[in-house]
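Chain and residue survey
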Amino acid sequence: MQKGVADTGNIENRQTRSLRNDWSISAVAAGFLAVLISYSGPAVIFFQAADVAHVSGDMISSWIWGISIGAGVSGILLSWMLRVPVITAWSAPGTALLVTLFPAVTLEQAVGAYITAAVIIFVIGVSGAFDRITRRIPAGIAAGMMAGILFQFGVNAFKSATTMPALTFGMVVAYVVFRRLAPRYCIVLVLISGVILAMLLGNTNVGGFELHLTTPVFIAPEWTWGTTLSLALPLVLVSLTGQFLPGMAILHLSGYRTPARPIIAATSLASIGVAFFGGITIVVAAITAALCTGRDAHEDPAKRYVAGIANGVFYLIGGTFAGTIVMVFTALPKEFIAVLAGLALLGAIAANVTAVVREEDHREASIITFLATASGMSFMGLGSAFWGVVIGGFAYLVLNKA
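The sections below set out a description of the structure shown in this document. (Residues numbered from 1 in each chain as written. Predicted model: local features only at pLDDT ≥ 70, side-chain atom pairs only at ≥ 80, totals over all residues. Heavy atoms only, no water.)

Tallied over the entire structure, the rule returns 1 salt bridge. The residue arginine 295 makes a salt bridge to glutamate 299 at a minimum N-O spacing of 2.9 Å. The exposure class assigned to glutamate 299 is partly exposed, which follows from its relative accessible area of 44%. (Salt bridge = Lys/Arg side-chain N within 4 Å of Asp/Glu carboxyl O. Buried < 20%, exposed > 50% of the residue type's maximum accessible area, 1.4 Å probe, protein only.)

Here you go:
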């Protein structure tokens, strides 16, 4: 018994030493950028839902606390245990569903639906069904889907020149210069340059900034058939197709052949835990994951897991001070976030576009997938990522049938 305890302690010590040796500024910065973009984009939908539901500021803070703690804990544990940059977040398309359902659905009924959805996703994950489905998707189709998802972020970076040309062009110039002089720390330097430039241009508002600890609010769940059909089941569908599918595709395309089973199981358990405080389904991140799985996070793929751990740590910090999240992001112009996200994802866009055209045997089907996904189409309540794979997969079967 004592020997077993000693062996466990030795393993933990080796893992701690490994983390200390693998630590890098670029990986930590990648994790921070992923959190920054998540809070500045998908989190905004929560405030729209809260406005429709007429909930208090304390309840909104509890929601953000829930999604932050759930994503933070699951991301840290998965990245640490699997030694893979597992970036977790919350279901952005699922959050959008709330805007259409509130105030007809109560908070208690929404929490009941969150728990139901988490249990269903858990069963799908541990059964291995999701892994079997994703293995059947050709590499070019998966790359086309990812390129389509990321495409809009690259385009929006340059659209920002319409409203803030000095900030946009200044950050673009900084990116090009630092990409040549210090490629590993390029995005970090661009972030610093952008903040300085925004301050010099008078585009920031830091007055009245205060830190407030968040107190989560417990919500007793309530189950109804109506919310199960209108929220729980759609939440399962959009989370699997809009988050887990592209999120796992990013990991696989980056060379990490980690099965989805442990990741889906861990995030589902986290979802159940935070649901009682208003936190919606925890999932694998799709867009922000690309920041932490590429060469910008670290040249060595084996050391990029640090970005996943850093991402989780920053989520925990954000959750602890969830009440101040709004003030932080209203202090910086939205154009700053758009440009930073687009420039940070350039490497991921290039890698996926290259993968699309490289697969000669199904290049046309991959291009179709890319265009369908990039269109942003929505049909039958399902997003463009899902339909991109469906339409591209259909084209692949027809055009490549022997």
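With 17 residues, helix α9 (residues 165–181) extends 24 Å from end C-alpha to end C-alpha; this agrees with the ideal 24 Å at 1.5 Å per step. By the burial criterion, the buried members of α9 are Leu167, Thr168, Met171, Val172, Ala174 and Tyr175. Projected onto a plane normal to the axis of α9, the buried residues spread over an arc of 160° and lie on a single side. The exposed residues of α9 that point more than 90 degrees off its buried face are Val173, Val176, Arg180 and Leu181. In this fold, the buried residues of α9 make contact with α8 (139–159), α10 (186–200), α16 (334–344) and α17 (346–358). (Helix = DSSP H or I, 4+ residues; strand = E, 2+ residues; numbered from the N terminus. Expected span 1.5 Å × (residues − 1). Arc of directions from axis to C-beta. Contact = heavy atoms within 4.5 Å.)

Its 29 residues place the ends of helix α11 (residues 225–253) 39 Å apart at the C-alpha level, agreeing with the 42 Å of an ideal helix rising 1.5 Å per residue. At leucine 240, α11 shows its strongest bend, of approximately 35°. Among the residues trailing α11, glycine 255 stands out with phi positive, at a value near 100°. (Bend = angle between axes of the 7 residues up to and from the residue.)

Inspection of the secondary structure puts arginine 304 in the loop between α13 (289–293) and α14 (305–320). Buried and unpaired, arginine 304 has no salt bridge, with glutamate 299 as the nearest side chain of opposite charge at 5.9 Å. In terms of polar contacts, arginine 304 uses its side chain to reach the backbone carbonyl oxygen of glycine 294, at 3.2 Å. Filtering out sequence-adjacent residues up to four positions away, arginine 304 remains in contact with Pro85, Tyr256, Cys292, Thr293, Gly294, Arg295, Ala297, His298 and Glu299. (Lys, Arg positive; Asp, Glu negative; His and termini not counted. Polar contact = N/O pair within 3.5 Å; in protein donor to acceptor, adjacent residues only side chain to side chain.)

Here we take up the packing of α11 against helix α12 (residues 260–275). Viewed as axis vectors pointing N to C, α11 and α12 meet at an angle of 135°, and their least axial separation amounts to 12 Å. With respect to α12, the element α11 is oriented oblique. Read as a crossing pair, α11 and α12 show a hand that is right-handed. Mapping the contact onto sequence places Phe244, Met248 and Leu251 in α11 and Ala260, Ile263, Ile264 and Thr267 in α12. Classifying every residue of the contact of α11 with α12 gives 6 nonpolar, 1 polar and no charged. (Axes fitted to C-alpha atoms, helices over the stretch in contact; angles between N-to-C directions. Parallel < 35°, antiparallel > 145°, perpendicular 65-115°, else oblique. Left-handed = near helix turned anticlockwise from the far one by under 90°. Nonpolar A, V, L, I, M, F, W, Y, C, P; charged D, E, K, R; others polar.)

We now examine the packing of aromatic side chains. Scanning the model with the defined rule gives 7 aromatic pairs in all. Judged by centre distance (6.4 Å) and plane angle (75°), the ring pair of phenylalanine 130 and phenylalanine 244 falls under edge-to-face. Here phenylalanine 130 is found in helix α7 (residues 129–135), whereas its partner phenylalanine 244 is found in helix α11, with 114 residues between them in sequence. Phenylalanine 244 matches phenylalanine 130 in its accessibility class, with the two residues each being buried. Both rings, one in phenylalanine 218 and one in phenylalanine 276, keep their centres 5.8 Å apart while their planes meet at 5°; by these two values the pair is stacked. Residue phenylalanine 218 is located in the loop between α10 and α11, and its partner phenylalanine 276 is located in the loop between α12 and β2 (282–284); the two are separated by 58 residues in the primary sequence. Among the residues examined, phenylalanine 276 registers a relative accessible area of 25% and is labelled partly exposed. Ring pairs connect the aromatic residues Trp65, Phe218, Phe276 and Phe277, which therefore count as one cluster. (Phe/Tyr/Trp six-rings, centres within 6.5 Å; stacked < 30°, edge-to-face > 60°.)

This part takes up the packing of α8 against helix α18 (residues 363–374). Put simply, α8 and α18 touch, their axes get as near as 7 Å, and they point 30° apart. Compared by their axis directions, α8 and α18 come out roughly parallel. For the crossing formed where α8 meets α18, the hand is right-handed. Seen from α8, the contacting residues are Gly140, Ile141, Gly144, Met145, Ala147, Gly148, Ile149, Phe151 and Gln152; seen from α18, they are Ala365, Ser366, Thr369, Phe370, Thr373 and Ala374. Here the residues of the contact of α8 with α18 are counted per class, giving 8 nonpolar, 7 polar and no charged.

Honestly, that's just the spatial picture; any functional story needs more than this.
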